[in-house]
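Listed here are the chains, written in short residue letters.
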Amino acid sequence: MATKNQTLGEFIIENQAEFQYSSGELSRLINSIRLAAKMVNHEVNKAGLVDITGSAGNVNTQGEDQQKLDVFANNTFIKTLTNREIVCGIASEENDDYIIIEGQRCDNKNKYVVLIDPLDGSSNIDVNVSVGTIFSIYRRVTPVGTPVQMEDFLQPGNMQVAAGYIIYGTSTMLVYTTGHGVNGFTLNPALGTYYLSHPNMTFPETGRIYSVNEGNYNHFPQGVKDYIKYCQKEEEDRPYTSRYIGSLVSDIHRNIIKGGIYMYPKSSVANNGKLRLLYECNPMAFIAEQAGGAASNGYERIMNLKPSELHERVPFFCGNKEMVEKVEEYIQKAD
Ligand SMILES: O=P(O)(O)OC[C@H]1O[C@](O)(COP(=O)(O)O)[C@@H](O)[C@@H]1O
Ligand SMILES: [Mg+2]
Ligand SMILES: [Mg+2]
């Protein structure tokens, strides 16, 4: 039973048995993510002081201007996971292709692959607004002992064995699920220890916040425009409050605690929206569902989608169940 202020280490050990494949490997994996997150947190907290802000001077496979902190976070997570010999493959939002972990550091007997968005909310790094890291973990489907393959990464979200995010905000938190609810741990920077501060995180009964970049309103499908108008209407418990940080992790974290919906729809300028199914939508969908919410592309459950490419994008609607159902209703009605 999760006890408040239990350390993350204690919680991982205590809940290991809950995990159907428990062999300690997943615990070691979460521990490695905890370690890498501390190193990234250390740099994030100095953003502005040290030469860690601004562009890294290259464009990533997403066509985005890579930030120095994107590169630092990417290298830190990949190195930490590789050095600890617990994964057989890694895919990252910042890397064109997936990474096969093999050679003397790994006898390839490992069973897990990790997919990461090493730094989420990159546009907020230089303006001191909270950013995050997102991770998603699967058991490989190809035979243990052989190099991982694309199919180990292109699994539907409902096959995730664990997922979570780190939020580098007013405090640093690690929030994750292994399919048994969602728990949040806050880092005590003085001690370098994470403590269970948010046991069993769940969306409140009803949500009254909507989060969307309204600057794109004119380009949204009619159904999405209608839903935004519905949120703004003076009626019943509306208008809802509009809140948009521009960091997916921070917007969803707030909405899990306060109740709300995050939307990144497709538009006439971005046919599949912006967010990446594997690194952003699937892990946040797993968290949202385990917190009693829902996640959809406007028509289907995100976690039922069968990925076809490493960096594919999908429209994303995630939050309180009844709010996601409402926006789906508006989208399908307008079709
Ligand atoms: O500036 P926009 O178009 O509203 O996009 C903001 C969204 O893009 C993201 O920054 C994309 O993530 P990355 O920073 O990892 O590329 C999300 O965190 C955020 O919700
Ligand atoms: Mg992101
Ligand atoms: Mg990113």
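All values derive from a computational prediction rather than experimental measurement. As a convention, each chain's residues are numbered from 1 in the sequence order in which they are written. Here the convention is simple: chains get letters from A, ligands get numbers from 1, in the order in which they are written. Per-residue local features of the predicted model are confined to residues with pLDDT of at least 70, and side-chain atom pairs are confined, for both listing and counting, to 80 or more; whole-chain, interface and lining totals are unaffected and use all residues. Water and hydrogen atoms were dropped before computing side-chain values, which therefore reflect all heavy atoms in the structure.

**Points about a negative patch on the surface**
On the surface, Glu205, Asp237, Glu322 and Glu325 cluster together to form a negatively charged patch. Numbered from the N terminus, helices here are DSSP runs of H or I no shorter than four residues, and strands are runs of E no shorter than two. Examined against the element boundaries, Glu325 turns out to sit in helix H8 (residues 321–334). Residues enter patches when they are more than 30% accessible in relative terms and free of salt bridges; like-charged ones are connected within 9 Å and nonpolar ones (Val, Leu, Ile, Met, Phe, Trp, Tyr) within 5 Å. Residue burial considers only the protein chains on display, and all accessible areas are found by Shrake-Rupley using a 1.4 Å probe. Any carboxyl oxygen of Asp or Glu that lies within 4 Å of a side-chain nitrogen of Lys or Arg is treated as forming a salt bridge with it. Residues counted as positive are Lys and Arg, residues counted as negative are Asp and Glu, and His and the chain ends are not counted. Every charge is mapped onto a representative atom, which is NZ of Lys, CZ of Arg, CG of Asp or CD of Glu.

**Here's the deal with the pattern of salt bridges**
Taken as a whole and judged by the stated rule, the model has 11 salt bridges. The partner of Arg238 in a salt bridge is Glu236, and the shortest N-O contact between them spans 3.4 Å. Accessible area is worked out with a 1.4 Å probe on protein chains only. A residue is then buried under 20% of its type maximum, exposed over 50%, and partly exposed in between. For Arg238, a relative accessible area of 6% corresponds to the buried category. By relative accessible area, Glu236 is classed as exposed at 70%. Between Glu329 and Lys326 there is a salt bridge whose closest N-O contact spans 3.7 Å. Of this pair, Glu329 and Lys326 are both found in helix H8, 3 residues apart, which corresponds to roughly one turn of the helix. Accessibility expressed as a relative area gives 23% for Lys326, which makes it partly exposed.

**Digging into the coordination of the magnesium ion (ligand 2)**
Distances define the donors: N, O and S atoms within 2.8 Å of the metal qualify, as do those within 3.2 Å of Na, K or Ca. Water is excluded, so some sites may look unfinished. Within the protein, the magnesium ion (ligand 2) binds to Asp117 (OD), Asp120 (OD) and Glu280 (OE); these donor distances fall in the range 1.9 to 2.1 Å. The metal-metal distance between the magnesium ion (ligand 2) and the magnesium ion (ligand 3) is 3.7 Å, with Asp117 serving as a donor to both. Note that Asp117 is positioned in strand E5 (residues 112–120) and Glu280 in helix H7 (residues 277–290), a separation of 163 residues in sequence. Note on accessibility: Asp117 and Glu280 belong to one class, buried.

**Topic: the pairing of strand E9 (residues 182–188)**
Within a regular strand, the side chains alternate between the two sheet faces. Judged by how many residues are buried, E9 sits mostly within the fold: 6 of 7 residues are covered. Sheet analysis places strand E8 (residues 172–177) next to E9, joined by 5 bridges and oriented antiparallel. By the bridge assignment for E9, Tyr176 is matched with Asn183. Any two strands are treated as partners once DSSP identifies two or more bridges connecting them. Counted between consecutive antiparallel strands, the loop separating E8 from E9 contains 4 residues, among which Gly179 sits at a positive phi close to 95 degrees. Pairing analysis gives 5 bridges linking E9 to strand E10 (residues 193–198), with the strands arranged antiparallel. Directly across from Asn188, in E10, lies its bridge partner Thr193. Counted along the chain from E9 to the antiparallel partner E10, the turn is 4 residues long, and its residue Gly192 has a positive phi close to 70 degrees.

**Thoughts on the coordination of the magnesium ion (ligand 3)**
Surrounding the magnesium ion (ligand 3) are the protein donor atoms Glu93 (OE), Asp117 (OD) and Leu119 (O), at 2.2 Å. For the magnesium ion (ligand 3), the single-chain donor residues occur in sequence as E-x23-D-x1-L.

**Things to note about the sheet that holds strand E12 (residues 241–242)**
Taking strand neighbours across the sheet as the criterion, the 5 strands line up as E12-E11-E13-E15-E14 in an open arrangement whose pairing is mixed. Edge positions in the sheet fall to E12 and strand E14 (294–296), since each of these pairs with one other strand and no more. Note that strand E13 (residues 261–264) and strand E15 (residues 316–319) share 4 bridges and pair antiparallel. Note on E15: the bridge partner recorded for Ile261 is Gly319.

**Some words on the UniProt feature "binding site: Mg(2+) 1" (unreviewed entry) in the protein**
UniProt positions are given in the numbering used here, feature names are shortened, and annotations may be inferred rather than shown by experiment. Under the feature "binding site: Mg(2+) 1" (unreviewed entry), the UniProt entry names Glu93, Asp117 and Leu119. The largest pairwise C-alpha distance within this set of annotated residues, which runs over 27 residues, is 9.0 Å, so the set is compact in three dimensions. Residue contacts are defined here by distance: any two heavy atoms, one from each residue, within 4.5 Å place the two residues in contact. Excluding its chain neighbours within four sequence positions, the residues that come into contact with Asp117 are Glu93, Gly132, Thr133, Ile134, Tyr279 and Glu280. Tracing the backbone through its elements, the reader meets Leu119 in strand E5. Note on Leu119: relative accessible area 1%, which makes it buried. Apart from residues no more than four positions distant in its own chain, Leu119 is found in contact with Leu69, Asp70, Ala73, Glu93, Ile125, Val131, Gly132 and Tyr168.

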